[in-house]
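Take a look at the letters that make up each chain.
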Amino acid sequence: MKLVVEIVDAHDLMPRDGEGSASPFVEVDFENQRSRTTTVPKNLNPVWNQKLLFNFDQAKNHHHQTIEVCIYHERRQISSRAFLGRARIPCSTIVKKGEEVYQTFQLEKKRFFSSIKGEVGLKIYLSSETEPSSPAPSSSPPPPSSPPPSSENRNLIHNPSIPLPISEVPVSNISNISEVPVSNILNSSPSITQVSLIEKSSSPVPEAESPRSSVEEPKEEIKEPVEVRVEANPHIYKYQVLQQPAISVEKVPQGISSTMHQANPDIHPSPQDDYNLKEMDPQLGERWPGGGVYGGRGWMSGERFATTYDLVEQMYYLYVRVVKAKDLPPGTLTGSCDPYVEVKLGNYKGRTRHFEKKMNPEWNQVFAFSKDRIQSSSLEVFVKDKEMVGRDDYLGRVVFDMNEVPTRVPPDSPLAPQWYRLEDRRGEGKVRGNIMLAVWLGTQADEAFSEAWHSDAASVYVSPKLWYLRVNVIEAQDIQPNDRSRVPEVFVKAQVGSQVLRSKICPTRTTNPLWNEDLVFVAAEPFEEQLVLTVEDRVHPSKDDVLGRISMPLTAFEKRLDHRPVHSTWFHLEKFGFGTLEADRRKELKFSSRIHVRVCLEGGYHVLDESTMYISDQRPTARQLWKQPIGILEVGILGAQGLLPMKMKDSRGSTDAYCVARYGQKWVRTRTIIDTFSPKWNEQYTWEVYDPCTVITLGVFDNCHLGGAEKLNGGGAVRDSRIGKVRIRLSTLESHRIYIHSYPLLVLQPTGVKKMGELQLAIRFTSLSLANMIYAYGHPLLPKMHYLHPLTVNQVDSLRYQAMNIVATRLGRAEPPLRKEVVEYMLDVDSHMWSMRRSKANFFRIMSLLSGVITMSRWFGNVCHWKNPITSVLVHILFLILIWYPELILPTIFLYMFLIGIWNYRFRPRHPPHMDTKLSWAEAVQPDELDEEFDTFPTSRSQDRVYMRYDRLRSVAGRIQTVVGDLATQGERFQSLLSWRDPRATSLFIMFCLCTALVLYMTPFRAVALVAGLYMLRHPRFRSKLPSIPNNFFKRLPPRTDSLL
């Protein structure tokens, strides 16, 4: 892999040759690799257009490294150089070839007193191809060879082309096999290590049950194992788990847990206390030491070790790595061998792929068996020859005693595989052939487990990279209407996929219309759609004639990162009808209309696909503009408790739950736990955090696509049912602290708020840099393009809806798909719809904010009326001190706020906030208001009910209208003080102003403030119950209400 630094040009450099000019060249330093450009003599705005190539090792972590670009002035007479400036570019902004854009970087000083100015233009990208490097003298020795990637880094690299292996699990009911979707079996490479996950089933649909569920169920005796080949799609991105020091927790005895097979209403109490957050104390970060249940080298003795899965409960597995075989005997009939390996542990067995006519095959596959379901004391590994007809031939086997299986927990080194001689079926003698195996006991912290994790349908998705496409329609020329007797009323219609926007009709009726109007779309990489521009003539309000059209691919347009203008282009329009259907007539078209547009892809904006209230990412589209991450967010999804039945299966309630988490561009989906109301996932995920003021959203859903189940609410299209959602704002979390809580899953239904269960989470936010964290709080919330060239409110709403549709469509294409109803629920697609309940909630939120002001005004009124004489005397003393020493006013205010903050620290929240039913006004909502909130748009209710709701809305709007009118009345009275609408009132007011000005000019300010303060704090004996003179005067001022119709 090569790092390409293309030096384009520089501008406004500092002269250094004593003649008002300079002879600049550029030197680039990356990891002690240095290369330079040629020298441009006597030019303060040089242009190089040279590419410098550097070796780039992808196995290394370059996240915190920089590329240093220095500009020097070459002094040829004395063979020296003078420093003109430098730019340092973080490696985290490097993009792949094809995504690079031209960027300018301001030159920095090397020393404090240096005189530096100017900027340099660059393009930086990674290329796997051999590019011709522009000839330039090198000022450094050849770069050292890149070291090979370490084993740790290799384990963190995911190859999406690696197919996952075939696993075989026993089933207790063969008829249920067809209910589980099985993906296509992919060919695999023998040089890649692969993992399958095999566990015993205890539910009616065992092949879809989670292999890592810690919930014990009654086990059924299975006489014969049945093979079910399950394989995950290779297009799933592998997530990485950050290495963190784990927490040692002492193991306490546990009782036998049982799975609930039917809903119990007693476990869902309705009081408000059941809606609160609950603290948990699970056994997280347990270390699996080197022991065993069978004594000797057993499972549960020894010391504790570190692990990466320290936010979930440890789950234990028996790992079997099948590497390769040699010297296998050929078949008696064919003279060749089609070998495969079958791993059997009790009623479980897993099988590798087979190779045709290969005597020395290599598999490199790993199988993982859950420790909780192991029933056998021996492990058998069979080598067989696949036959097209009849039973497969037996070649040999190897048997392991479970008492002798060693244990391994990272950071122990991986267990080295060994050669084993095959023995006959009865174990009485050796046969021809050897097989290389490694068998050990470990946890999900084992490096081999990461592949098995994905084979069980736990998936990581990445949102598509979204761009704003800005189409500036400037003008058109020589527009010819279909009816030559009339002057056209022309407008432009632009279309990108399903997004259609129209410009305004040109105000002047002419054949050379001018618009200069911006149309903004959302586009996603890879760019599949085209931009289609059509010029149309408004012949009639219900009829538009197409006068010309042009179609352009989005890849042809320039990408810009800032507000600098891009070049405009003239495009010739194709006459409507002169296309593929009339290719022969195209030669007859001697003259065509043309349109003038300016099109670019905006990389400086953040494309909003979620509500700004719950935003999880604020980075711009272009990776070159990303800042360094300020922290790491780790989430352990432990499980759920007390879920309600979501559908009927075998005449009983059932729930097949999975959890989805979304933060930034990364979506994760846990595996589906079949037929249980208390699923255990124990999956841990990691995100990089670029801004602390963001929100992570986690939702629990019922998988309705496994078959054999009926939804409780009847028919209709099969959609995954939403069980509940949790939002956690990162800024409410303390750094380096683990939060372990059970969050209530609350859903608002047409019958009212309902608790659907509890979601158990372990969360840790780790801050990487305190300085970057402080800087983030003073930085704008969105990228600067949102403030330099802001989008309108209507544009933001429309573009957010389009972006959400694109994200839902793209994620729905993944395998397994993240369905549209899931994406819409996670992105709060209906948050902008009208709701009487939300309106009440927002009103009382405002009132709660004003309650502090109201309380202070009441307290001050009590002081003025001497309700508490001691308090009033103390306020008088404080007032006199501040009058005598006015310079203490501001320090006193800030000191008071500091003391309030210190006092409130004792009452700070001890846990993250969660869904609040009182704040949401979900407990006192009326049934009809809920019915209105769940109504479709447009409405599907009866006419009488719509009339009733309309009248209610008019009543609410009338009250709002009255409040707004009162506010306008008070404002107009202030205006009328000097507007002479009431000549007598204005005359009195201006004379009062003149007298007040003269008094204030002659009287010290302290005396005036003292008199005013003592007058306001006077004793009730000196007060009148009638309104004051200023109040009476103000209420007599004329508003403009008498001019309203």
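Our subject is the structure that appears above.
Residues numbered from 1 in each chain as written. Predicted model: local features only at pLDDT ≥ 70, side-chain atom pairs only at ≥ 80, totals over all residues. Heavy atoms only, no water.

J.: Could you clarify how one ought to interpret the nonpolar core in this entry?
T.: Nonpolar side chains in soluble globular proteins tend to be buried together. Membership of the largest hydrophobic core comes to 69 residues, with the highest contact counts inside it found for W667, W681, W687, I696, L698, I728 and L759. Per-element accounting of this core gives the leading share, seven residues, to helix α5 (residues 793-812). Of all hydrophobic cores here, the second largest spans 33 residues; its members include A10, A22, C91 and L126. (Core = buried A, V, L, I, M, F, W, Y, C linked by side-chain atoms within 4.5 Å. Buried < 20%, exposed > 50% of the residue type's maximum accessible area, 1.4 Å probe, protein only. Helix = DSSP H or I, 4+ residues; strand = E, 2+ residues; numbered from the N terminus.)

J.: For this particular structure, what's the right way to read the environment of N55?
T.: Assignment of secondary structure puts N55 in strand β4 (residues 47-55). Owing to a relative accessible area of 23%, N55 belongs among the partly exposed residues under this scheme. Between the alpha carbons of N55 and Q33 there is a distance of 8.2 Å; along the sequence they are 22 residues apart. A polar side-chain atom of N55 sits 2.4 Å from a polar atom in the side chain of K2. (Polar contact = N/O pair within 3.5 Å; in protein donor to acceptor, adjacent residues only side chain to side chain.)

J.: Any chance you could explain helix α8 (residues 869-884) here in plain terms?
T.: One turn of the α-helix equals 3.6 residues, which is why residues spaced by three or four share an orientation. Compared with an ideal rise of 1.5 Å per residue, which puts 16 residues at 22 Å, α8 spans 23 Å between its outermost C-alpha atoms and is within 8% of the ideal. Every buried residue of α8 is listed here: S872, V875, H876, F879 and I883. Within α8, the buried residues cover an arc of 105° as seen down the axis, which keeps them to one side. For α8, exposure combined with an orientation more than 90 degrees from the buried face picks out I870, L874 and W884. Elements that come into contact with the buried residues of α8 comprise α7 (836-864) and α13 (1005-1016). (Expected span 1.5 Å × (residues − 1). Arc of directions from axis to C-beta. Contact = heavy atoms within 4.5 Å.)

J.: Would you take a moment to explain the packing of aromatic side chains for this structure?
T.: The description of an aromatic ring pair rests on the distance of the ring centres and on the angle between the ring planes. Applying the stated rule across the entire model yields 18 aromatic pairs. Centre to centre, the rings of F844 and W921 are 4.5 Å apart; their planes meet at 15°, and the pair counts as stacked. In this pair, F844 is assigned in helix α7 and W921 in the loop between α9 (889-904) and α10 (927-933), connecting sequence segments 77 residues apart. With relative accessibility at 39%, the residue F844 sits in the partly exposed group. (Phe/Tyr/Trp six-rings, centres within 6.5 Å; stacked < 30°, edge-to-face > 60°.)

J.: Please clarify how the sheet that holds strand β35 (residues 680-689) should be interpreted in this entry.
T.: Strand pairing in a sheet is mediated by backbone hydrogen bonds. Such pairs are either parallel or antiparallel. Across the sheet, five strands lie side by side as β11-β39-β40-β30-β35; this open sheet has antiparallel pairing. Whereas interior strands pair on both sides, the edge strands pair on one side only; in this sheet they are β11 (278-279) and β35. Summarising the sheet, strand β30 (residues 631-641) and β35 pair through eight bridges and their orientation is antiparallel. Bridge pairing in β35 links E634 to T686. (Pairing = 2+ DSSP bridges.)

J.: I keep staring at unusual backbone geometry and nothing clicks. Help me out?
T.: With the exception of glycine, most residues fall at negative phi, and the peptide bonds are largely trans. Residue P526 follows E525 across a cis peptide bond; omega there is -5°. Its location among the elements puts P526 in the loop between β24 (514-524) and β25 (530-540). Cis geometry marks the peptide bond from E815 to P816; its omega dihedral reads 0°. In this structure, P816 sits in the loop between α5 and α6 (820-826). In this structure, N364 takes a positive phi of about 55° despite not being glycine.

J.: Would you take a moment to explain the sheet that holds strand β36 (residues 695-702) for this structure?
T.: Read from one edge to the other, the open sheet built from five strands follows the order β20-β34-β33-β36-β38, with strand pairing classed as antiparallel. Edge positions in the sheet fall to β20 (459-462) and β38 (721-729), since each has one partner strand and no second. Shown here is a sheet whose adjacent strand axes are inclined to one another by a mean of 15°, direction ignored. (Axes fitted to C-alpha atoms, helices over the stretch in contact; angles between N-to-C directions.)

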